[in-house]
Amino acid sequence: ASSSGRKVTSEAESRIFWLGLITCPLVWVIFAFSALFSFKVKWLAVVILGVILQGANLYGYIRCKVGSRKNLTSLATSYLGKQFLKQTVAKEEQAVS
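Predicted model, so just to flag it, every value in this text is computed and none were measured. (Residues numbered from 1 in each chain as written. Predicted model: local features only at pLDDT ≥ 70, side-chain atom pairs only at ≥ 80, totals over all residues. Heavy atoms only, no water.)

Turning our attention to the overall build of the chain. From N to C terminus, the chain includes two helices and zero strands. Taken over 97 residues, the chain has a buried fraction of 10%. As displayed, the chain has an accessible area near 8,600 Å², and 69% of this comes from carbon and sulfur atoms. (Helix = DSSP H or I, 4+ residues; strand = E, 2+ residues; numbered from the N terminus. Buried < 20%, exposed > 50% of the residue type's maximum accessible area, 1.4 Å probe, protein only. Areas by Shrake-Rupley, 256 points an atom, 1.4 Å probe, with all protein chains shown as cover.)

This is the structure we're talking about:
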């Protein structure tokens, strides 16, 4: 644990997480081909849903990991800009009153 009380994830934990996140959709794709070639159509719907949901999960985590690096600065800048604008407008309204 760090000095602020938060747990710090290790490099191994991060690799296990991403490995599991990437392999799950691959396993679902293997299940999809298995259900398709064995003509088990009722299971194909379940497998397709699993592929879609796991793919969406992987896509979301990748977007968060990549987006958090490049958008954090622009997010902070726009937030501070909005706060400055609100304070300026509030001061002008008080001056007019």
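That was the structure; now back to the text.
With that settled, the discussion passes to unusual backbone geometry. The bulk of non-glycine residues show a negative phi, and the bulk of peptide bonds are trans. Within the chain, Phe-39 stands out as a residue other than glycine whose phi angle is a positive 60°. Within the secondary structure, Phe-39 is located in the loop between helix 1 (11–37) and helix 2 (41–96).

With respect to the secondary-structure elements, Leu-26 resides in helix 1. The class of Leu-26 is exposed, set by a relative accessible area of 52%. Residues Leu-26 and Gln-54, spaced 28 residues apart in sequence, show a C-alpha to C-alpha distance of 9.2 Å.

With that settled, the discussion passes to helix 1. Spanning 27 residues, helix 1 covers 39 Å between terminal C-alpha atoms, matching the ideal 39 Å at 1.5 Å per step. Of all the positions in helix 1, only Trp-18, Leu-21, Pro-25, Ala-32 and Ala-35 are classed as buried. Just downstream of helix 1 lies Phe-39, where phi reads positive at about 60°. (Expected span 1.5 Å × (residues − 1).)

A few words now on the packing of aromatic side chains. Within this structure, the stated rule accounts for five aromatic pairs. Aromatic pair Phe-17 and Trp-18: ring centres 5.4 Å apart, planes at 80°, arrangement edge-to-face. Given the relative accessible area of 18%, Trp-18 is considered buried. Considering the side-chain rings of Phe-17 and Tyr-61, the 5.1 Å spacing of their centres and the 75° angle between planes classify their relative orientation as edge-to-face. Placement of the pair is Phe-17 in helix 1 and Tyr-61 in helix 2, with a sequence separation of 44 residues. For Phe-17, a relative accessible area of 35% puts it in the partly exposed group. On the basis of relative accessible area, Tyr-61 is assigned to the partly exposed category, the value being 37%. Among the aromatic residues, those joined into a ring-pair cluster are Phe-17, Trp-18 and Tyr-61. (Phe/Tyr/Trp six-rings, centres within 6.5 Å; stacked < 30°, edge-to-face > 60°.)

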